[in-house]
Amino acid sequence: MPPKKDMGPDPDPTQYLFVSLEMKRQDQTKPYDGKKATWVPCEKDSYQLGEITGTKGDLVVVKVADGEKTFKKDQCSQVNPPKYEKCEDMSNLTYLNDASVLWNLKARYTNQLIYTYSGLFCVAINPYKRFPIYTPRVIKMYIGKRRNEVPPHIFCISDGAYMDMLTNHENQSMLITGESGAGKTENTKKVIAYMASVGASTKKAKEGDVKKGNLEDQIVQTNPVLEAFGNAKTTRNDNSSRFGKFIRIHFGTSGKLAGADIETYLLEKARVISQQALERSYHIFYQMMSGRLPNLKGQYINKLVDRYHNFI
Ligand SMILES: Nc1ncnc2c1ncn2[C@@H]1O[C@H](COP(=O)(O)OP(=O)(O)OP(=O)(O)O)[C@@H](O)[C@H]1O
Ligand SMILES: [Mg+2]
């Protein structure tokens, strides 16, 4: 079987980044009447699309999928024209309301587009799948590009910060926030990988060639160690960070990587001795007991059992 376009060593990321022409065409042909179309609250999906069929004072009669319903005027939100369907930056929407924002994010997400801008913010929705959107090929697509030249991506935000640092000679910071399992740790790793790539002091011999020892690789490789000691399985996330961190990456005047340091806060130490049902302690304990390093258990762990309390 020939390899699929989106697989292999250098997969095509197009369908995970751009709204296809076919999608655009379909969106444009949707019927739309700006005076009648409205978003109304709905239990199942938070909001649903409806058509205003009449008004009675402060009340509006709306035709929705399961018949006609009456809503208060202020429960109804305006619907954007089709040209804004799956738009890349929601600050451009004519009507900026909760329903329109949620609809736009959902429409993009169900079409495998996980990044969307909202002004200065970049919203990322966890795909729970590995899309080929973090490959060296994609990194190259974003280097030195302005926001309106490329589709929304964490790499674009990273490149913006890198360029602003070089142009304005000022420190830059990025806030990555969201609920547990939202993708903060994953996106942080992508930012670090991007910075390591654009600020690399040494050219990699070949793509995929694992070279040890250079600074950019060392910075990227700190993560598995940190996660082993600070991340654990919870009911919301198999790799939940049980500590906060501030990662500082240093660059030289020409933009080459110079080093990195990490401050950590508030490690959830209690997890070492007690976990909720279905949760686990820090990964490191399971890794040590996995037998992957054949002599580890015999040489160290068994001998230290009676002294465990010293380490807790
Ligand atoms: N962009 C992504 N691509 C593929 N998988 C992802 C992506 N973002 C998140 N995931 C998946 O979701 C899981 C949870 O994401 P992550 O650990 O980044 O959440 P978090 O926001 O750091 O949560 P916590 O607050 O619990 O630490 C990841 O282990 C990964 O399997
Ligand atoms: Mg995390």
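Residues numbered from 1 in each chain as written. Chains lettered and ligands numbered in written order. Predicted model: local features only at pLDDT ≥ 70, side-chain atom pairs only at ≥ 80, totals over all residues. Heavy atoms only, no water.

Tell me what's going on with the overall build of the protein, and back it up with residues and numbers.
In terms of helices and strands, the protein carries ten helices and eleven strands. Radius of gyration (C-alpha) of the protein: 25 Å, far over the 20 Å computed for a compact globule of 312 residues. Over its C-alpha atoms, taken along the principal directions, the protein stretches across nearly 80 × 50 × 50 Å. Put simply, the protein has 312 residues, and 33% of those count as buried. Sequence-distant contacts, at least 24 apart, represent 48% of the contacts inside the protein between residues at least 6 apart. Accessible area of the protein: about 20200 Å², with a carbon and sulfur share of 55%. A gap of 4 Å separates the mean positions of the 45 positive and 34 negative side-chain charges of the protein. (Helix = DSSP H or I, 4+ residues; strand = E, 2+ residues; numbered from the N terminus. Rg over C-alpha atoms; globule rule 2.2 N^0.38 Å. Buried < 20%, exposed > 50% of the residue type's maximum accessible area, 1.4 Å probe, protein only. Contact = heavy atoms within 4.5 Å. Areas by Shrake-Rupley, 256 points an atom, 1.4 Å probe, with all protein chains shown as cover. Lys, Arg positive; Asp, Glu negative; His and termini not counted. Charge placed at Lys NZ, Arg CZ, Asp CG, Glu CD.)

I'd like a description of the coordination of the magnesium ion (ligand 2), backed by residues and values.
Binding of the magnesium ion (ligand 2) to the protein goes through Thr185 (OG1) and Ser241 (OG), at separations of 2.0 to 2.1 Å. Pair noted here: Thr185 is in helix α6 (residues 184-198) and Ser241 is in strand β9 (residues 240-241), with a separation of 56 residues, a long-range link. (Donors = N, O, S within 2.8 Å, 3.2 Å for Na, K, Ca; no water.)

I'd like to hear about a nonpolar patch on the surface, residue by residue, with values.
On the surface, Phe246, Tyr265 and Leu266 cluster together to form a nonpolar patch covering roughly 350 Å² of accessible area. Among the secondary structure elements, Tyr265 is positioned in strand β11 (residues 257-265). (Patch = residues over 30% accessible without salt bridge, like charges linked within 9 Å, V, L, I, M, F, W, Y side chains within 5 Å. Salt bridge = Lys/Arg side-chain N within 4 Å of Asp/Glu carboxyl O.)

Hey, could you go over the packing of aromatic side chains for me, with residue numbers and the actual values?
The geometry of an aromatic ring pair is captured by two quantities: the separation of the ring centres and the angle between the planes. Counted under the stated rule, the structure contains six aromatic pairs. With a centroid separation of 5.9 Å and 80° between ring planes, the pair formed by Tyr134 and Phe155 is classed as edge-to-face. Linking Tyr134 in the loop between β7 (121-124) and α4 (136-142) with Phe155 in helix α5 (residues 154-168), this pair joins segments that are 21 residues apart in sequence. Overall, the relative accessible area of 25% leaves Tyr134 in the partly exposed class. With a relative accessible area of 1%, Phe155 lands in the buried category. Taking the centre distance of 6.3 Å and the plane angle of 70° together, the rings of Tyr142 and Phe155 count as edge-to-face. One end of the pair, Tyr142, is in helix α4; the other, Phe155, is in helix α5, with 13 residues separating them in the sequence. Here the two residues Tyr142 and Phe155 agree in accessibility, since each one is buried. Grouping aromatic residues by their ring pairs yields a cluster made of Tyr134, Tyr142, Phe155 and Tyr194. A cation over a ring is seen here: Lys190 above Tyr134, with NZ or CZ 4.7 Å from the ring centre. (Phe/Tyr/Trp six-rings, centres within 6.5 Å; stacked < 30°, edge-to-face > 60°. Lys NZ or Arg CZ within 6 Å of the ring centre and 35° of its normal.)

Describe the site of ligand 1, and please don't skip the residues or the numbers.
In the neighbourhood of ligand 1, 19 residues make up the surrounding shell, with Asn126, Ser180, Thr185, Ser240 and Ser241 lying closest. Within the side chain of Tyr134, one N or O atom sits 3.0 Å away from a nitrogen atom of ligand 1. Contacts to ligand 1 include Thr185, whose side-chain N or O atom sits 2.7 Å from an oxygen atom. Taking 630 Å² as the accessible area of ligand 1 by itself, protein coverage stands at 89%. Take the shell around ligand 1: its biggest share by element is three residues, from α6. Taken together, the residues of the shell around ligand 1 sort by class into five nonpolar, nine polar and five charged. Each of two domains, domain 1 (1-27 + 83-174) and domain 3 (183-199 + 215-310), supplies a minimum of three residues to the shell around ligand 1. (Near = heavy atom within 4 Å. Polar contact = N/O pair within 3.5 Å; in protein donor to acceptor, adjacent residues only side chain to side chain. Nonpolar A, V, L, I, M, F, W, Y, C, P; charged D, E, K, R; others polar. Domains from an automatic or database assignment.)

Pulling in residues and values, what's your account of the pairing of strand β4 (residues 67-72)?
Relative to β4, strand β3 (residues 59-64) runs antiparallel, the two being bridged by six bridges. The residue of β4 that forms the bridge with Val62 is Lys69. Connecting β3 to the next strand, β4, in antiparallel fashion are two residues. (Pairing = 2+ DSSP bridges.)

I'd like a description of the sheet that holds strand β5 (residues 77-78), backed by residues and values.
With respect to topology, five strands assemble into an open sheet ordered β4-β3-β2-β1-β5, the strand pairing being antiparallel. Among the strands making up the open sheet, the edge pair consists of β4 and β5.

Tell me about the domain arrangement of the protein, and name the residues and values.
You can read the domains of the protein as domain 1 (1-27 + 83-174), domain 2 (33-78) and domain 3 (183-199 + 215-310). Between the C-alpha centres of domain 1 and domain 2 there is a distance of 32 Å. Between domain 1 and domain 2, the residue contacts involve eight residues of the former and five residues of the latter. Taken together, the two surfaces of domain 1 and domain 2 that pack against each other cover about 580 Å², and 64% of this comes from carbon and sulfur. (Buried area = accessible area lost by both parts, 1.4 Å probe.)

Let's hear about the pairing of strand β2 (residues 46-56): which residues, and what values?
In this sheet, β2 lies alongside strand β1 (residues 37-42) in antiparallel orientation, the contact comprising six bridges. Bridge pairing links Ala37 to Glu51 in β2. Note that β2 and β3 share five bridges and pair antiparallel. Looking at β3, one finds that Glu51 is bridged to Lys63. Count of turn residues in the β2/β3 antiparallel hairpin: two residues, of which Gly57 carries a positive phi of about 65°.

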